[in-house]
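# Remarks on the overall topology
Residue-level listing of the chains:
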Amino acid sequence: MRLYDTATRSVRDFVPKTPGQVGIYLCGLTVQSVPHIGHLRSAVNYDVLRRWLLHTNYEVTFIRNVTDVDDKILDKAVAQGRPFWSIAFANKQVLDANYRDLNVLPPTYEPLATAHIPEMHELITTLIERGHAYPAAGGNGDVYFDVPSYAGYGALSGQNPDDMRPPSDGGEPDKRDYRDFALWKGAKADEPADASWPSPWGHGRPGWHIECSAMARRYLGDEFDIHGGGVDLTFPHHENEIAQSRSAGLPFARHWVHHALLNLGEAKMSKSLGNVIDLDSVRAMGIRDVEVRYYLATPHYRSRIDYSDDALREAATAYRRIEGFVQRAAEIVGPGRPKDVPPAFAAAMNDDLNTSAALAIVHDTIREGNTALAANDEAGIRGALTAVRAMLGVLGLDPLDEIWTGGSAQSDLKPVVDALVKLALEQRAQARARKDWAAADSVRDQLKNAGIQVEDTPAGPRWTVGEH
């Protein structure tokens, strides 16, 4: 397998530290508000990477953190008169539900920043002892990383430290250098009292960057295989993680994988900009969760997605064609037992996780399967169906997966709807038997108006939701 490595700016062979095992750390969300579909792109992209590694017989340890305390969460706590942890917990519950609904595998572990304060203290202490960090001279509890002390600063992102300019307001006076960043933030009088912890430098809370270095080390060791996140995290977040981890003597991540953003107009989808679309908004358009996953997984992970309602609907229509073939084929030859993926699919996935090319193989195979359906070629139908389901299973998109057929919240009413549609189809069959074509067409039209598509097949009428 070959993956693009941001650190070397090249697609290179992925060689894990330990043969047969992969450790992945993904920067998760800061739960200041509910997630939008840009956040969910990250979850889907790395879920596909993880599923492919599992499919190719790697043992994967997947760590995805949650930042549950930061400036924005504390600002909302003060504004709303609520505990900061209450806001973080409520937003994390929505996040967890969105992950489940999009068939994102749960992480091996999901550490919270507030649960790993001792690990952060240990790392900060090491940095101070090595001369790479210092407590602020003003005695306010702040501790800063000394950027000029780390010679490799800027290598990941391609930034030249000498080109960085000081802030126009003069920055923070307790810093030795305007480029230095906070490892520990001393408690402030205008912040919630319960949002600080004792430390050797006074009560306070962690800086953003130290969290991930400490948690990655706690669960993956001093050196691990893949560090992931959005391209917007490359600088300063990941640059700072490297600086503090390497300065503490840790080899840290061997491979850096960054996904591109999902934009709305010319700007990235961002809570701070207020230009966000969440999963509920998409559902209100009649788009199902599986179709959202297909939309997010189809582009190459390093390709920017320019969101539009039309593009989302086109993706939904494309997935429904896939779904239609799988359902028709399964009715004739049974669901089958998907095993190996076609070599062309494997080659695409091994080529920097090229899901766009991989899904092209899926659609090519479906065209072959439709030809077999038209010819009543059961062997051809079975071969196409098992190949398609194997490929879709790797991508988390198999229409016959329980999550999509009855395991998600959206499917709770399926048995009821199924019974009602069957009743309508029985009335249509009775009308056709007595050659009352007007009544039969009326039933079909009413179902169509309700979003139910009826298709007459040799095995009898079948129905699906949406347009085909």
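Read on for an overview of the structure. What you see is a predicted model; the values in this text were computed from it and never measured.

## With respect to the sheet that holds strand β12 (residues 267-268)
- The strand order across the open sheet formed by three strands is β12-β11-β13, and the pairing between neighbours is mixed. Either end of the sheet is taken by a strand with one partner, and the two such strands are β12 and β13 (305-306).
- Judged from the two bridges that link them, strand β11 (residues 262-264) and β13 form a sheet pairing that is parallel. Bridging across to β13, N263 finds its partner in D306.

## Some points on helix α6 (residues 234-247)
- For α6, which comprises 14 residues, the first-to-last C-alpha distance of 18 Å matches the rise-based estimate of 20 Å (1.5 Å per residue) to within 8%.
- Counting buried residues in α6 gives 11 out of 14 residues, a clear majority hidden from the surface.
- At its buried positions, α6 is contacted by α4 (117-129), β6 (143-145), β7 (181-186), α5 (208-220), β9 (223-230) and β10 (252-259).
- Within two residues after α6, G249 carries a phi angle of roughly 90°, on the positive side.

## Focus: unusual backbone geometry
- The step from F235 to P236 runs through a cis peptide bond, and the omega angle for that step is 5°.
- With respect to the secondary-structure elements, P236 resides in helix α6.
- Positive phi, normally seen in glycine, also occurs at F252, with a value near 65°.
- Positionally, F252 belongs in strand β10.
- The exposure class of F252 is buried, given its relative accessible area of 2%.

## Observations concerning the environment of S10
- Position of S10 among the secondary structure elements: in strand β2 (residues 10-13).
- What makes S10 partly exposed here is its relative accessible area of 25%.
- Reaching out from S10, the side chain makes a polar contact with the side chain of T8 at a distance of 2.8 Å.

Conventions adopted
Residues numbered from 1 in each chain as written. Predicted model: local features only at pLDDT ≥ 70, side-chain atom pairs only at ≥ 80, totals over all residues. Heavy atoms only, no water. Pairing = 2+ DSSP bridges. Helix = DSSP H or I, 4+ residues; strand = E, 2+ residues; numbered from the N terminus. Expected span 1.5 Å × (residues − 1). Buried < 20%, exposed > 50% of the residue type's maximum accessible area, 1.4 Å probe, protein only. Contact = heavy atoms within 4.5 Å. Polar contact = N/O pair within 3.5 Å; in protein donor to acceptor, adjacent residues only side chain to side chain.

Remember, this is a structural readout, not a statement about activity or role.
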